[in-house]
Amino acid sequence: MNLPITFTEDDARNVHFSHHDPMVIDAQIANKLVSHVLVDDGSSVNLLFKPAFTVIGLTEADVASCPTLIYGFNGDALLPMGKIQLPVTLGSELQHSFKFCTFVVVDCPTAYNVIFGRPALVEFGAITSIRHLCMKFPCDNGGVGTVRGDQKSARKCYHVSARSIYMVRDEPVEDFIDLLPPPPTERVVQEEDDLDPRIGDDRALEPMDEIDEVCISDTDPTRIIQVRKSLPADVRAAIIAQVKENQDILAWSHSNMTGIDRNIIWHALSIDPNATPVRQKRKPLGTERAEALKLEVEKLSSINFIREDVYPIWLANPVLVPKPNGTWRMCIDFTDLNKACPKDCFPLPRIDQMVDATSGYEILSFKDAYSGYNQISMHVADQEHTSFQTDKGIYCYIVMPFGLKNVGQPIKGLSIGCFGPG
């Protein structure tokens, strides 16, 4: 077929300018008319996402093994479910092209059902024009077929990409079948872990290599560390022996944390003497939030992180923020207090310097200062300035809480004092 493929302004007659929209089309895949198909010549593979894979009627028994990792533009790696070859038809009834394309099946959140990468474009001999939101290709009958992008669908995908909404429809069909993303899996979190705001964060990275859980205590089965399984045997044994020998200096729960002696460091607030103290008007909480606040206050009181206070001159409201795991995180609205405190210009570490500092090392430990803020005490005279109000009374912090201005600087200063400026 020697017919030239060209684009004219007539191809853009239904496109709203100006735009930078991607090309999102409908395509017939495995006898299903699939919507929200992204045409992406930057992708080295064709991708079929699991929700669409399921609605099409396929199962894991239909896929072949695909051990190769898929890498995104940000370097994140994803292990596919497998790969499968499916019939694909592009175009209209009169001008169409039929090919078999290989898809890599993946399970990850996205607003799209399918991504047509370079393999599909090469297979169909397709040429795309983003300006015209149009794709043309040689047809089986010798003509030139055309598929136009759905600009409205492209913009909808852009706006709902974080919500992972998938659509697939049978042929013929009048409406799309909406598939809502599955609810988050329930995670079992220890009660005391709620004191660390990093716990329950969905953005936590998972190790790519397999890990082993090793109990390092002969008397306490809960003292478990995770060690990379592929480490050389001698290195692995040395790490486990070192941790076992020094397990007494590790905190396995908040009750193990005795805190930093006040003779070494404590945190004081440099409140502007000309600032007017603010007592925030109490904000009522709903039943669920009020119950979560009650439990959090009882927990903090039991480990001596907070105490009751009377007649505070600075008073803040607690704010309950939902965690991804379905529980609640208690924060304190220190906005007014922070405005009255000048910024501490003590230099904090820069992420690029921290990354450079790991260069050249074969092993990296992920042990960190667990609830580091809470190990530094507040100056006694400033404890009452951290007061917050609840249904059961007024409380203030004995230890340095999250949310205060300049709390990063004492942590950095303490680490320099203990380990040096490296």
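Please refer to the structure higher up on the page.
What comes next concerns the included structure. (Residues numbered from 1 in each chain as written. Predicted model: local features only at pLDDT ≥ 70, side-chain atom pairs only at ≥ 80, totals over all residues. Heavy atoms only, no water.)

1. Let's talk about the overall build of the protein chain
- In terms of helices and strands, the protein chain carries eight helices and 20 strands.
- Scored against the burial criterion, the 422 residues of the protein chain give a buried share of 37%.
- When contacts within the protein chain are restricted to residue pairs at least 6 apart in sequence, those whose partners lie at least 24 apart make up 67%.
- Of the accessible surface of the protein chain, which amounts to about 25,700 Å², a share of 54% is contributed by carbon and sulfur atoms. (Helix = DSSP H or I, 4+ residues; strand = E, 2+ residues; numbered from the N terminus. Buried < 20%, exposed > 50% of the residue type's maximum accessible area, 1.4 Å probe, protein only. Contact = heavy atoms within 4.5 Å. Areas by Shrake-Rupley, 256 points an atom, 1.4 Å probe, with all protein chains shown as cover.)

2. Looking at the pairing of strand β20 (residues 393-397)
- Taken together, the three bridges between strand β16 (residues 306-308) and β20 define a ladder with antiparallel strand orientation. The partner of isoleucine 306 across the bridge, within β20, is tyrosine 397.
- Of the pairings in the sheet, the one linking strand β19 (residues 388-390) to β20 comprises three bridges and is antiparallel in character. Residue threonine 390 lies in a different strand from β20, and its bridge partner there is glycine 393. (Pairing = 2+ DSSP bridges.)

3. Looking at the packing of aromatic side chains
- Under the defined criterion, the tally for this structure stands at five aromatic pairs.
- With a centroid separation of 6.2 Å and 35° between ring planes, the pair formed by phenylalanine 103 and phenylalanine 116 is classed as tilted. Linking phenylalanine 103 in strand β7 (residues 96-106) with phenylalanine 116 in strand β8 (residues 114-116), this pair joins segments that are 13 residues apart in sequence.
- Here a set of aromatic residues connected by ring pairs shows up, and it is made of Phe388, Tyr395 and Tyr397.
- If you follow lysine 136 out to its NZ or CZ, it ends over the ring of phenylalanine 7, 5.1 Å from the centre. (Phe/Tyr/Trp six-rings, centres within 6.5 Å; stacked < 30°, edge-to-face > 60°. Lys NZ or Arg CZ within 6 Å of the ring centre and 35° of its normal.)

4. Some details on the nonpolar core
- Core analysis: the biggest nonpolar cluster contains 31 residues, and Ile25, Ile29, Leu48, Leu90, Phe103, Phe116 and Met135 have the highest contact counts within it.
- Contributing elements (two or more residues each) for this core: β1 (23-29), β2 (32-39), α1 (50-56), β6 (82-91), β7, β8, α2 (118-124) and β10 (134-138).
- In this structure leucine 90 touches Ile25, Ala27, Gln95, His96, Ser97, Phe116, Phe124, Met135, Phe137 and Val147, once residues within four positions along its chain are discounted.
- Counting 27 residues, the second-largest nonpolar core is a separate cluster that includes Trp314, Ala316, Ala340 and Val407. (Core = buried A, V, L, I, M, F, W, Y, C linked by side-chain atoms within 4.5 Å.)

5. Side note on the environment of alanine 275
- When you line up the elements, alanine 275 lands in the loop between α4 (233-245) and α5 (287-302).
- On the basis of relative accessibility, which here comes to 23%, the residue alanine 275 falls in the partly exposed class.
- Between the alpha carbons of alanine 275 and leucine 337 there is a distance of 9.2 Å; along the sequence they are 62 residues apart.

6. Side note on unusual backbone geometry
- Put simply, phenylalanine 17 and serine 18 share a cis peptide bond, and its omega is -10°.
- Locating serine 18 in the fold gives a position in the segment before β1.
- With a phi close to 65°, asparagine 31 is a non-glycine residue in the positive phi region.
- Tracing the sequence through the fold places asparagine 31 in the loop between β1 and β2.
- Judged by its relative accessible area of 61%, asparagine 31 is exposed.
- If you check the backbone angles, histidine 36 has positive phi at about 55° while not being a glycine.
- Position of histidine 36 among the secondary structure elements: in strand β2.
- With a relative accessible area of 5%, histidine 36 lands in the buried category.

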